[in-house]
Amino acid sequence: MQAAVVLTSAIINSKDVGFTFHIFMDSVDDKNLSLFDQLAEKFCVNIYIYIVNMDSFRGFGAEKTRFTAVSLFRLCMTDVLRKITDRFLYLDADVLCLNDLSVFLDIEFDEKIVAAVPDLAKDRLEEWGIKNSTYFNSGVLLISCNTWEKENITEQLFSFRDRLDNKIKYPDQDILNRVLNGKVKYLDKRFNFFGFYGTTLQTDYIIYHFIGREKPW
């Protein structure tokens, strides 16, 4: 349900974009597969679904947090998508697209690997001993596949498996920040606005992100 809402909000607010969606999941039933087929047909878009083997994500400590191991999929999806595209926009399933996503096509990486918005948890990097840097939110990421592969980012990320200590709080986000430190282009908050109940919207927000435990559903 949540993924379908994200896709629909992207499509209806970006009418001149020819979308191809790649959805990474741990499982899916026939009913939902049929619903995705209907969505693709209705809006004339391509939707590809990947069922990921969860064994690869043991040892990252997700079970010690409020997050599931599914959140770790973004650590390796570049290895799949780099065979298709040189860049892609990753979106969490708890976001809404409020304006035209084509603005992401105009963003230059400036030799960085990802473009992202700074997170509210500003002290996370200091807990890892990394100072004078900016902690970013991993819910919306514009990723350069070529640079990611060139610098072996997936291998670096998975090197933390089975050797994480008790400092882990946001499994994928903490690891991404450690590995990509100094390799991030920071974007304005309108590209990934952190929303709570009662938050006032502005008309130029591109993506609204329902962070925290409370979700509209």
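Model, not experiment: these values are computed from the prediction.

**Focus: a nonpolar patch on the surface**
Judged by side-chain polarity, M1, V5 and W217 come together as a nonpolar surface patch covering roughly 350 Å² of accessible area. Structurally, M1 can be placed in the segment before helix 1 (2-13).

**Some details on helix 2 (residues 30-43)**
Over its 14 residues, helix 2 runs 20 Å from end to end, which matches the ideal 20 Å to within 8%, given 1.5 Å per residue. When we look at burial in helix 2, the residues that qualify are F36, L39 and A40. Seen end-on, helix 2 carries its buried residues on one side only, within an arc spanning 95 degrees. Counted as exposed and oriented over 90 degrees from the buried face of helix 2: D30, K31, D37, E41 and K42. Contacts from the buried residues of helix 2 go to helix 1, strand 1 (20-25) and strand 2 (46-51).

**Focus on helix 7 (residues 171-179)**
In terms of burial, helix 7 is largely enclosed, as eight of its nine residues are buried. Taken together, the buried positions of helix 7 are P171, D172, Q173, D174, I175, L176, N177 and V179. Against helix 4 (124-127), strand 6 (140-144), helix 5 (145-150) and helix 6 (153-158) lie the buried residues of helix 7.

Procedures and definitions
Residues numbered from 1 in each chain as written. Predicted model: local features only at pLDDT ≥ 70, side-chain atom pairs only at ≥ 80, totals over all residues. Heavy atoms only, no water. Patch = residues over 30% accessible without salt bridge, like charges linked within 9 Å, V, L, I, M, F, W, Y side chains within 5 Å. Areas by Shrake-Rupley, 256 points an atom, 1.4 Å probe, with all protein chains shown as cover. Salt bridge = Lys/Arg side-chain N within 4 Å of Asp/Glu carboxyl O. Helix = DSSP H or I, 4+ residues; strand = E, 2+ residues; numbered from the N terminus. Expected span 1.5 Å × (residues − 1). Buried < 20%, exposed > 50% of the residue type's maximum accessible area, 1.4 Å probe, protein only. Arc of directions from axis to C-beta. Contact = heavy atoms within 4.5 Å.

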